[in-house]
Amino acid sequence: MISANNVTYRVGKKALFEDVNIKFTEGNCYGLIGANGAGKSTFLKILSGSLDTTNGDISVTPGQRLSVLEQDHFKYDKYPVMDTVIMGNARLYEIMKEKDAIYAKEDFSDEDGIRASELEAEFAEMDGWNAESDAATLLNGLGIDTGLHYSLMQDLNGSEKVKVLLARALFGNPDILLLDEPTNHLDIQSREILEEALQNYTGTVLYVSHDRYFINQTATRILDLTGGGLNSYTGNYDDYLEKKEHPSIDSSGGFKTVPAQDCRPGETGADSLPTKAAGKDDYLRQKEEQAKERKRQNQIKRIENRIEEIENRINELDELLVREEIATDVEKLMEINQEHETLDEELLALMEEWEALVD
């Protein structure tokens, strides 16, 4: 289990989030959502330990292993693909390298023999003999051909690197898994494999994603980072939308969905709220409210469609940026970066508009 205890993070005078208290428990897959700039990736970095809090602390159950999807696609360029994946279990990789160094010695001493024996015991306990075959299975499943398993990371294209880094995060079945936009650059088959892996995962998963379909397929809880705090909802993205649409407060102060029997089959929203005999004014008021609700739902749908278009285009631009022929074309790079910035700004505005409409 991993938990945030009174966590606050400030950028200058602005608090991205303040006094956040939450426990992430085993068997749950948490989808972290919120507008761009709300601090989702920052919160993930704080949980991983790569960024310090302004106040508060993060605690992890002793003995549990935490794994993170790396965002730096060039960090492991000098390493072979297989090594990069196995590095996902840092202690296992350390043992492998130390063993290799000991056995490579020409003047192998008694002390070396004792140390090698200790390492072999720990290596076997961690199922080290199956490390390469397990890593190969992950890589093959994500579409990395066997012929690339011992190539250097620098020889892979951007999409292949993302898949290797994902295999690295999943390697060794960690207890806690933190993923930032895990479906970016993945093809349909790789996305399906990731979805299945998370559905069968027994540890704790927390990810940031704008991919609503992926969230629906995998999340068991939604965390909405807004207004400097975290709001928690049980279920997937559709459940979250339903609870935002029809919130009612239970005795514990949490949110619960309006019971299905309160709605006519096939209908949701204001059109489906229970009605009673009313005068002409009540009837006209109700029709006006229904018309407003339909307009709001149409606006939400339009924004979601545009968000999806922008996200797809941004993914295309990201793939272009890692191509060798683009990297040397200054004019093309400037053009791509300009379009990227414009789309990022539009995406941020749309996410804020979407959040306001949903609220």
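What you are looking at is a predicted structure, and each value in this text was computed from that prediction instead of being measured.

A.B. asks: Before we go on, may I ask you to explain the sheet that holds strand 5 (residues 66-68) in this structure?
C.D. replies: Pairing between the strands of a sheet is mediated by backbone hydrogen bonds and can be parallel or antiparallel. Read from one edge to the other, the open sheet built from six strands follows the order 5-6-7-3-8-9, with strand pairing classed as mixed. For this open sheet the edge positions go to strand 5 and strand 9 (229-234), each flanked by a neighbour on one side alone. Across the sheet, the axes of successive neighbouring strands diverge by a mean angle of 20 degrees, strand direction being ignored. Contacts from helix 9 (residues 237-245) reach strand 3 (29-33), strand 8 (221-226) and strand 9 within the one sheet, and its direction differs from that of strand 9 by about 105 degrees.

A.B. asks: What should I look at first to understand helix 5 (residues 131-141) in this one?
C.D. replies: Given 3.6 residues per helical turn, the α-helix brings residues three or four places apart onto the same face. Buried within helix 5 we find A131, A135, A136 and L139. Mapping the buried residues of helix 5 onto a view down its axis gives an arc of 125 degrees, with all of them on the same face. Looking at the buried residues of helix 5, the elements they touch are helix 2 (81-86), helix 3 (90-103) and helix 6 (158-170). In the stretch just after helix 5, G143 is the one whose phi turns positive, near 95 degrees.

A.B. asks: What is the right way to read the layout of surface pockets from this model?
C.D. replies: Regions of empty space are outlined by a rolling probe, equal in size to a water molecule, passed over the atoms. Taken as a whole, the largest pocket encloses approximately 1200 Å³ of empty space. Lining the largest pocket are 43 residues, and of these E181, N184, E311, I314 and N315 sit closest to its centre. Going through the elements one at a time, helix 1 (40-48), helix 6, helix 8 (212-218), helix 10 (280-321) and helix 12 (330-358) are the ones with two or more residues in the lining of the largest pocket. Grouping the amino acids of the lining of the largest pocket by side-chain chemistry returns 11 nonpolar, 17 polar and 15 charged.

A.B. asks: Explain the pairing of strand 2 (residues 14-24) here, please?
C.D. replies: Put simply, side chains in a regular strand alternate between the two faces of the sheet. As paired strands, strand 1 (residues 2-11) and strand 2 are joined by seven bridges and run antiparallel to one another. From the neighbouring strand, V11 faces strand 2, where its bridge partner is K14. Joining the antiparallel neighbours strand 1 and strand 2 is a turn of two residues, in which G12 adopts a positive phi near 65 degrees.

A.B. asks: In this structure, what is going on with the pairing of strand 8? I would like to understand it.
C.D. replies: As paired strands, strand 3 and strand 8 are joined by four bridges and run parallel to one another. Looking across to strand 8, one finds that G31 is bridged to I222. Two strands pair when backbone bridges link them, and strand 8 and strand 9 are joined in this way by six bridges, in the antiparallel orientation. Note on strand 9: the bridge partner recorded for R221 is T234.

A.B. asks: How should the packing of aromatic side chains be read in this particular structure?
C.D. replies: Geometrically, a pair of aromatic rings is defined through the distance of the ring centres and the angle of the planes. For the coordinates displayed, the defined rule picks out 10 aromatic pairs. Ring plane angle 15 degrees and centroid distance 6.4 Å describe the contact between Y103 and F108, whose orientation is recorded as stacked. Arranged with centres 5.0 Å apart and planes meeting at 50 degrees, the rings of Y207 and F214 form a pair that is tilted. Each member of the pair, Y207 together with F214, is buried. Linked through ring pairs, Y9, F17, F24, Y30 and F43 together constitute an aromatic cluster.

A.B. asks: Explanation requested: empty space enclosed by the protein in the structure shown.
C.D. replies: Evaluated as defined, the whole model comprises two cavities of 30 Å³ or more. Volume-wise, the largest cavity comes out at about 120 Å³. Considering the residues around the largest cavity, the lining is formed by I33, G34, K40, S209, H210, R212, I215, Y237, E304, I307, M351 and W354. Elements represented by at least two residues in the lining of the largest cavity include exactly helix 8, helix 10 and helix 12. A per-class count over the lining of the largest cavity returns six nonpolar, three polar and three charged. Taken as a whole, the second largest cavity spans an internal volume of roughly 30 Å³. Its residues assigned to classes, the lining of the second largest cavity comprises four nonpolar, one polar and two charged.

A.B. asks: Just checking my understanding: could you explain the sheet that holds strand 1 for this structure?
C.D. replies: What the three strands build is an open sheet, ordered 2-1-4; its pairing is antiparallel. Across the chains shown, the open sheet's two edge strands, defined by having one partner strand only, are strand 2 and strand 4 (55-60). On average, adjacent strands in this sheet sit at an angle of 15 degrees to one another, irrespective of strand direction. Strand contacts of helix 1: strand 1, strand 2 and strand 4, with the helix running at about 55 degrees to strand 2, the strand carrying the most contacts.

A.B. asks: I'm lost on the pattern of salt bridges in this one. Help?
C.D. replies: Once their charged atoms are close, side chains differing in charge can pair, the charge on each being opposite to the other. All chains considered together, the criterion is met by 19 salt bridges. Between D77 and K161 there is a salt bridge, with its nearest N and O atoms 2.9 Å apart. One end of the pair, D77, is in the loop between strand 5 and helix 2; the other, K161, is in helix 6, and 84 residues separate them in sequence. Exposure class is identical for D77 and K161. Each is buried. The shortest N-O distance in the salt bridge between E353 and R302 comes to 3.6 Å. Residue E353 is found in helix 12, and its partner R302 is found in helix 10; the two are separated by 51 residues along the sequence. With a relative accessible area of 33%, E353 lands in the partly exposed category.

A.B. asks: What's the story with the packing of helix 3 against helix 4 (residues 110-125) in this structure? I'm lost.
C.D. replies: The angle between the axes and the distance between the axes are what describe a pair of packed helices. Running from amino to carboxyl end, helix 3 crosses helix 4 at an angle of 150 degrees, the nearest separation of the two axes being 10 Å. Regarding the angle of helix 3 to helix 4, the classification is roughly antiparallel. Crossing hand, helix 3 versus helix 4: left-handed. Of helix 4, the residues touching helix 3 (which contributes R91, L92, I95, M96, E98, K99, I102 and Y103) are D112, R115, A116, L119, E120, E122 and F123. Its residues assigned to classes, the contact of helix 3 with helix 4 comprises eight nonpolar, no polar and seven charged.

Conventions and cut-offs
Residues numbered from 1 in each chain as written. Predicted model: local features only at pLDDT ≥ 70, side-chain atom pairs only at ≥ 80, totals over all residues. Heavy atoms only, no water. Pairing = 2+ DSSP bridges. Helix = DSSP H or I, 4+ residues; strand = E, 2+ residues; numbered from the N terminus. Axes fitted to C-alpha atoms, helices over the stretch in contact; angles between N-to-C directions. Contact = heavy atoms within 4.5 Å. Buried < 20%, exposed > 50% of the residue type's maximum accessible area, 1.4 Å probe, protein only. Arc of directions from axis to C-beta. 1 Å grid on protein atoms, 1.4 Å probe; cavity = no way out; pocket = protein on both sides within 12 Å on 5 of 7 lines; lining within 4 Å. Points joined across faces, edges and corners; volume = space filled by probe spheres on them. Nonpolar A, V, L, I, M, F, W, Y, C, P; charged D, E, K, R; others polar. Phe/Tyr/Trp six-rings, centres within 6.5 Å; stacked < 30°, edge-to-face > 60°. Salt bridge = Lys/Arg side-chain N within 4 Å of Asp/Glu carboxyl O. Parallel < 35°, antiparallel > 145°, perpendicular 65-115°, else oblique. Left-handed = near helix turned anticlockwise from the far one by under 90°.

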